[in-house]
Amino acid sequence: MKLKVEVNGRNEFQIAEHEGGALINGKESSYDLHRKSSNEFLLYQNQHVYQISVVESHDSSTLTLNINGEEFSVSTKDHIAQILEDLGMDVIANEVINEINAPMPGTIIDIVVSEGQEIQEGDTILILEAMKMENIIKSPVNTTIQKIHIEKGQNVEKNQVLVSF
């Protein structure tokens, strides 16, 4: 397994498993890790002992660690996340969604939100009839409705802006 590790948002390391040890930035390093409790560890590396405790787990790839009394923010990216980042596909996940467009031509059957209303991801925004089927259009994000660009009964074209956040 290969990991890209960033410490405190600036120090970056490449770590890979290697014959019972690790390669850190291409250099061999041996280590021994012992678990003291669910969030405390002892790391023996190159004749040094590090007491490590997990202070906070932000998500599966970001942690705040206390190492020998000093706090560090540590984020990791596995091989797949690195490839996606290199291809620019990580930006897609962080893209801000600020409007809903019509996925197909049709008629607005109902609008269940109003301007200024706060909505949650998955809440129904409107119902669009297309090809004799009712399509429920839901919010992709937690947001506030800024503007409703359509009216009940109105015909819309594909990609027409329906609602702005």
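Residues numbered from 1 in each chain as written. Predicted model: local features only at pLDDT ≥ 70, side-chain atom pairs only at ≥ 80, totals over all residues. Heavy atoms only, no water.

### Observations regarding the overall build of the protein
Here comes step 1: Per the secondary structure count, the protein includes two helices and 18 strands.
Here comes step 2: A burial count over the protein gives 25% of its 165 residues as buried.
Here comes step 3: A sequence separation of at least 24 residues applies to 39% of the contacts in the protein between residues at least 6 apart.
Here comes step 4: Roughly 11300 Å² of accessible area belongs to the protein as shown, and the carbon and sulfur atoms make up 48% of that amount. (Helix = DSSP H or I, 4+ residues; strand = E, 2+ residues; numbered from the N terminus. Buried < 20%, exposed > 50% of the residue type's maximum accessible area, 1.4 Å probe, protein only. Contact = heavy atoms within 4.5 Å. Areas by Shrake-Rupley, 256 points an atom, 1.4 Å probe, with all protein chains shown as cover.)

### Things to note about the nonpolar core
Here comes step 1: The biggest cluster of nonpolar side chains holds 16 residues, and the ones touching the most others in it are Ile125, Leu126 and Leu162.
Here comes step 2: Among the elements of the structure, β13 (124-130) and β18 (161-164) are those that each provide at least two residues to this core.
Here comes step 3: With three residues, the top contributor of residues to this core is β13.
Here comes step 4: Apart from residues no more than four positions distant in its own chain, leucine 126 is found in contact with Ile108, Asp110, Ile111, Val112, Asn135, Ile136, Ile137, Ile150, Leu162 and Val163.
Here comes step 5: Val7, Leu65, Phe72 and Val74 belong to the second largest nonpolar core, which has eight residues in total. (Core = buried A, V, L, I, M, F, W, Y, C linked by side-chain atoms within 4.5 Å.)

### Examining the sheet that holds strand β16 (residues 147-148)
Here comes step 1: Spatial strand order, β10-β18-β16: three strands in an open sheet with antiparallel pairing. The sheet is open, and its two edges are formed by β10 (99-101) and β16, each paired on a single side.
Here comes step 2: Alignment of β16 against β18, held across two bridges, turns out to be antiparallel. Among the inter-strand pairings, isoleucine 148 is bridged to a residue of β18, identified as valine 163. (Pairing = 2+ DSSP bridges.)

### Focus on the sheet that holds strand β11 (residues 106-111)
Here comes step 1: In spatial order, the strands read β14-β13-β11-β17; together these four strands make up an open sheet with antiparallel pairing. The open sheet is flanked by β14 (133-138) and β17 (155-156), the only strands paired with a single partner.
Here comes step 2: Direction of pairing for β11 relative to β17: antiparallel, over a ladder of two bridges. Within the sheet, the bridge partner assigned to threonine 107 lies in β17 and is asparagine 155.

### Some points on the pairing of strand β3 (residues 21-24)
Here comes step 1: Inspection of the sheet shows strand β2 (residues 11-18) paired to β3 by four bridges, in the antiparallel sense. From the neighbouring strand, isoleucine 15 faces β3, where its bridge partner is isoleucine 24.
Here comes step 2: The antiparallel hairpin formed by β2 and β3 contains two residues in its connecting segment, where glutamate 19 sits at a positive phi of about 40 degrees.
Here comes step 3: Judged from the three bridges that link them, β3 and strand β4 (residues 27-29) form a sheet pairing that is antiparallel. Its bridge partner being in β4, isoleucine 24 is matched across the sheet by lysine 27.
Here comes step 4: Count of turn residues in the β3/β4 antiparallel hairpin: two residues, of which asparagine 25 carries a positive phi of about 50 degrees.

### Things to note about the environment of glutamate 71
Here comes step 1: By the element assignment, glutamate 71 lies in strand β9 (residues 70-78).
Here comes step 2: Linking glutamate 71 and valine 55, residues 16 residues apart in sequence, is a C-alpha distance of 8.3 Å.
Here comes step 3: Discounting chain neighbours no more than four positions away, the residues touching glutamate 71 are Asn8, Val55, Thr64, Leu65 and Asn66.

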